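# Geometric and topological summary
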Amino acid sequence: MTNDTWQLSERAARRLKKRYRRERRLKALGILAICLALGVLALLLGSVIARGYPAFVKTEIALEISFEAKLIDPGGRLEPSQLAKGKYGKILRQALFETFPDVRERAERRKLTKLLSKAARFELRRMVVDRPELVGTTKRVWLSAASDVDMLIKGNMSRDAPEAERRLNDRQLAWIDHLAAAGNLRTVFNGRFFTGSDSREPELAGIGGALMGSFWTLLITLVLAFPLGVAAAIYLQEFAPKNRLTDFIEVNINNLAAVPSIVFGLLGLAIFIQLFELPRSTAIVGGLTLMLMTLPTIIIATRAALAAVPPSIREAAHGVGASPVQVVFHHVLPLALPGIMTGAIIGMARALGETAPLLMIGMVAFIVDIPADPFDSATALPVQIFLWADSPERGFEEKMSAAILVLLAFLMIMNGLAVFLRKRFEIRW
């Protein structure tokens, strides 16, 4: 081996080692980036879960309730309309005062009654209406505690803070300790969070109304956007002539997919509310607005799925005498259906998490009743989260985090379903 050959091979070896070092550094940087992203994601989810999981339980107080007939049903007819008019607030106060007979001053008694939620009297009324035989009896009943008591039991309020900085004074803390020592304090699953609607009181607030509003909104979006988007994609991909008009339409569809969502909210406000005079803050307007936003995504995904079908499928269908319509609907469309469904689900998942368009059309209103149809006033789950995030009451913080967990769960389910459908029905050519 000559000296030049030796030097050449030595230089090549050094270059090879240098290239391997660069590859190892690049691999290490990639692993570091992935670990950093996973760490940030875990930190975010951990923070939301730590703040939100207490909302799935609530605190209850047990009282010996005397269902006096003279306060509930003086006439003795046990009619539901008469039972609903009973003086349940007075019954609750009597039960509290009997539990703490040493509390006699009016100011102290007012503080004592604040241990119970404002929903307690309605819970008592519903219990009597459902079971009229309770009238005239005495029964131990579990009732919802106030938000401040709930926060204290869950550890969200410090006992060591000065009394002036606490929502509960020392006297109220002593009453709570007395109830806990007597076994009259417990935490149970908070079913109201999933079945109730929004409220000014944190312990009464739930996502039932927002979930129903999101259901009606997404249903309208899916019913309108899916057939329109698929039909438009089929025409543009399979039947439309290639000219300046179709090129202009395709460019605008691609651009619309990147338009900020608030622009679609302004469009929905101008068209559906101002022009067509549809009622504000309703699921029908929300669904129509989100339909405009979702259409480009479905069209693009459907065209990509149709383009992925090999030309040989079309040629074979034409070869056996199929018409162009038969080729598309009998051969191409069934093979492209998994990709179409995946695109539609991803588009609907994006619509589920949108807030800005719904704010523009008035779905940010305070809605107490659960909507029964698309024309009722409604809000949506992302908007409900926005409303609770802006609330000054600390009790809404855990409600907000719990609603975020529910929203993330729905988004993960929808995206997981999209991945499953693609893996399950995907055909590799």
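Here, every reference points to the structure presented above.
Here the structure is a predicted model, which means the values were calculated and not measured.

Basis of the calculations
Residues numbered from 1 in each chain as written. Predicted model: local features only at pLDDT ≥ 70, side-chain atom pairs only at ≥ 80, totals over all residues. Heavy atoms only, no water. Core = buried A, V, L, I, M, F, W, Y, C linked by side-chain atoms within 4.5 Å. Buried < 20%, exposed > 50% of the residue type's maximum accessible area, 1.4 Å probe, protein only. Contact = heavy atoms within 4.5 Å. Helix = DSSP H or I, 4+ residues; strand = E, 2+ residues; numbered from the N terminus. Pairing = 2+ DSSP bridges. Axes fitted to C-alpha atoms, helices over the stretch in contact; angles between N-to-C directions. Salt bridge = Lys/Arg side-chain N within 4 Å of Asp/Glu carboxyl O.

### With respect to the nonpolar core
With 60 residues, the main nonpolar core has F193, I207, L358, L381 and W388 as its most contacted residues. Aside from chain neighbours lying at most four places away, what touches I207 is F193, F194, G196, L381, W388, A403 and V406. Within the second largest apolar cluster, 36 residues are counted, among which are L83, A120, M157 and I176.

### Side note on unusual backbone geometry
For L78, which is not glycine, the phi dihedral falls at a positive 55 degrees. Structurally, the position occupied by L78 is in the loop between helix 2 (69–72) and helix 3 (80–83). Judged by relative accessible area, L78 falls into the partly exposed class, the value being 40%.

### Here we look at the sheet that holds strand 3 (residues 185–189)
Ordered by their spatial adjacency, three strands build an open sheet running 2-1-3, and the pairing between neighbours is antiparallel. Each end of this open sheet is capped by a strand with a single partner; those strands are strand 2 (138–144) and strand 3. This sheet shows a mean twist of 40 degrees between the axes of neighbouring strands, independent of strand direction. As paired elements, strand 1 (residues 57–66) and strand 2 share seven bridges and run antiparallel to each other. Considered in strand 2, the bridge of I61 is made with L143. Lying over the sheet, helix 6 (residues 120–130) contacts strand 1 and strand 2, oriented at roughly 135 degrees with respect to strand 2.

### Here we look at the pattern of salt bridges
For the coordinates displayed, the defined rule picks out 20 salt bridges. With a closest N to O distance of 3.5 Å, R131 and E133 form a salt bridge. Of the residues examined, E133 reaches a relative accessible area of 53% and is grouped as exposed. Close ionic contact of D177 with R159 constitutes a salt bridge, the shortest N to O distance being 2.6 Å. Placement of D177 in helix 8 (residues 170–181) and of R159 in the loop between helix 7 (147–153) and helix 8 is noted, with a sequence separation of 18 residues between them.

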